[in-house]
Structures are given as structure tokens and as C-alpha cells.
Amino acid sequence: MGDGGGSNWRQGRPDSQGGGGTGGDGGTTATTDTSTTNTTGTTATTSTTDTTSTTTTTTTTTTTTTMPSDPLDCGAQSCQVSGEICCWDKWGIGTGNFESGQCIDTPLEPGQCNTAVMQGGVQTIISCQTSDDCASGNLCCGDVTQFNGGGQTLAYYPKIECRAACPWPTRILCKTLGDTSECPVVNNNGQQTQTVCNDSSLLPDGYHVCGLP
């Protein structure tokens with residue numbers, strides 16, 4: 001099953017620091033005038049100290065996580081993961097643009113891609129297609145919201161975005177149809193059930209979500 005979205009759609013269906021002196025001994029004294037000249041030589045010593053300058057260079061390596069370059073499917077358009085979102089209009093309520101998409105630069109201006117339940121709203125802001133588009137450890141997911149549209153119970157996603165956690169019934173987007181490796185085991189009416197990667201019925205072609213088998 002997909003994520004639902006038609007008439008009678010029900011929440012819970014399937015759609016990440018020294019010195020001296022002079023002396024005598026008596027008798028005739030002979031006086032000798034002795035003149036002594038002492039010459040003291042002064043040696044100048046120059047001490048030269050070699051100073052070695054050591055420079056220590058510290059290299060800091062910064063690791064930057066870059067987002068994948070794969071574009072976001074957006075109906076007839078493809079949007080860049082970095083710098084754009086896909087604004088998806090599933091129901092065309094008040095716009096008439098049923099199942100159409102538009103790439104819009106981020107950040108969004110007020111009024112762009114109206115996700116409110118109102119005329120001209122009920123649009124979906126899509127900023128990731130799988131968890132590969134998110135920072136490491138985060139998941140790409142969204143919440144299904146129900147509303148009354150012309151007497152019918154309809155559903156849509158206000159946002160598909162990267163999050164640290166996506167507890168059920170939040171839908172996790174996945175890559176490979178039929179795969180369970182990206183999908184959680186959930187409590188389905190008291191029963192632990194393995195969800196499976198299915199096509200989404202509320203998002204553009206190419207989007208898959210973990211849902212009940």
C-alpha cells in the first residue's frame with residue numbers, strides 16, 4: 001500500500017580541545033730603590049650566543065559534510081537539494097494545478113508554497129527525497145495530515161524534511177521498492193509489523209515511503 005490520500009483515507013496507513021707588606025731584620029740597612037712596573041694584560045672575551053629560532057606550524061583539518069548533488073524529483077521539474085525546495089501541489093485546491101511541482105529558491109518568501117489547509121494552500125514543501133539527502137544520522141520523513149476536501153477525507157504532507165527522529169506514524173522516505181532495511185517495525189493495532197518501502201500516492205513520481213504491507 002502507498003501513503004493513502006483518497007476518499008475514506010485513514011491515518012496509520014502507509015504512505016533520522018692577596019696582598020703583602022715590607023719587613024727588615026736589623027743591622028746596616030741598604031736601601032735599594034726598586035721600581036717595579038706591573039703590566040696587566042686585559043683580555044677581552046666576547047661570548048657569542050647562537051639563538052636558534054624554531055617555528056612550529058599547526059595544521060587544522062576541517063571536515064565539511066556536503067549534501068549529495070542528486071536533484072529532487074518535482075513533477076516535470078528537477079530541483080537542487082541545496083538552495084531549492086520542491087513545492088508540490090497534490091490536490092490543486094484553489095490553484096487548479098493538480099499534481100504539479102515548482103522549484104523555489106530558499107529561503108522561502110512569505111506566501112510561497114502555502115502548506116495551510118485553505119484555498120490556494122494544501123501544498124507540500126519537499127526538501128529531501130531520501131535520507132541520503134540529509135546530514136549523517138538524520139532521516140528524510142514527513143507527517144500525513146488529513147483534511148476535508150469537498151466532502152471527502154483527503155490527505156497530504158505539509159513538509160518532507162530531514163529530522164533526527166521520525167517515530168511512527170511519521171513516514172520515512174526510502175529508496176528501493178519492496179525493501180525493509182530502511183523501514184521500521186511499528187505497532188499496528190497492537191501488532192508489531194515490519195513496514196515496507198512502497199510508492200507514495202501523495203508525492204511526485206519517484207518518491208517512496210515506508211508503509212504497512
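Residues numbered from 1 in each chain as written. Predicted model: local features only at pLDDT ≥ 70, side-chain atom pairs only at ≥ 80, totals over all residues. Heavy atoms only, no water.

A. Representation of the side chain of H208. With respect to the element layout, H208 can be found in strand β14 (residues 208–211). At 3.1 Å, the side chain of H208 and the side chain of D199 are in polar contact. Each residue touching H208, except ones within four places of it in the same chain, is listed here: I172, L173, C174, K175, L177, C197, N198, D199 and S200. (Helix = DSSP H or I, 4+ residues; strand = E, 2+ residues; numbered from the N terminus. Polar contact = N/O pair within 3.5 Å; in protein donor to acceptor, adjacent residues only side chain to side chain. Contact = heavy atoms within 4.5 Å.)

B. Examining the confidence of the model for the protein more closely. Taken over all residues, the pLDDT of the protein has a mean of 79, while the share at 70 or more is 68%. Counted against residues more than four places away or in other chains, residues 8–13, with its pLDDT under 50, gives 19 contacts. Below a pLDDT of 50 lies the segment residues 16–68, which in the model reaches 15 contacts outside its immediate sequence neighbourhood of four places, other chains included. (pLDDT = per-residue confidence, 0-100.)

C. Local environment of the nonpolar core. Within the largest apolar cluster, 26 residues are counted, with the highest numbers of intra-cluster contacts made by W91, I126, F147, Y157, I160, L173 and L203. The greatest single-element share of this core, amounting to three residues, is contributed by strand β8 (residues 152–156). Not counting chain neighbours up to four residues away, the residues in contact with F147 comprise W91, I93, V117, V122, Q152, T153, L154, A155 and Y156. Core analysis: the second largest hydrophobic core is formed by seven residues, C166, C174, C197 and C210 among them. (Core = buried A, V, L, I, M, F, W, Y, C linked by side-chain atoms within 4.5 Å. Buried < 20%, exposed > 50% of the residue type's maximum accessible area, 1.4 Å probe, protein only.)

D. Structural context of the pattern of salt bridges. For the structure shown, the criterion picks out four salt bridges. Here E99 makes a salt bridge to K90, at a shortest N to O gap of 2.6 Å. Judged by relative accessible area, which is 9%, K90 ranks as buried. Close ionic contact of K175 with D132 constitutes a salt bridge, the shortest N to O distance being 3.1 Å. (Salt bridge = Lys/Arg side-chain N within 4 Å of Asp/Glu carboxyl O.)

E. Structural detail: the state of the cysteines. By the definition in use, this model includes eight disulfides. Linked covalently through their sulfurs, C79 and C103 form a disulfide whose S-S length is 2.0 Å. Residues C79 and C103 are joined through a disulfide that is left-handed, its torsion about the S-S bond being -90°. Of the two residues, C79 is situated in strand β2 (residues 77–79) and C103 in strand β4 (residues 100–105); the sequence distance between them amounts to 24 residues. The class for C103 is buried, based on a relative accessible area of 18%. Shown here is the disulfide that connects C128 with C140, its sulfur atoms set 2.1 Å apart. In this structure the cystine formed by C128 and C140 twists about its S-S bond by roughly 95°; its chirality is therefore right-handed. One end of the pair, C128, is in the loop between β5 (124–126) and β6 (139–142); the other, C140, is in strand β6, and twelve residues separate them in sequence. (Disulfide = S-S within 2.5 Å.)

F. Just the sheet that holds β4, in detail. Taken together, eight strands build an open sheet; the order of strands is β4-β3-β5-β9-β6-β10-β14-β13 and the sheet is mixed. Here the strands that pair on one side only, and so sit at the sheet edges, are β4 and β13 (196–199). Each strand axis lies, on average, 40° off the axis of its neighbour in the sheet, ignoring direction. As paired strands, strand β3 (residues 84–89) and β5 are joined by three bridges and run antiparallel to one another. Bridged to W88 within β5 is T124. (Pairing = 2+ DSSP bridges. Axes fitted to C-alpha atoms, helices over the stretch in contact; angles between N-to-C directions.)

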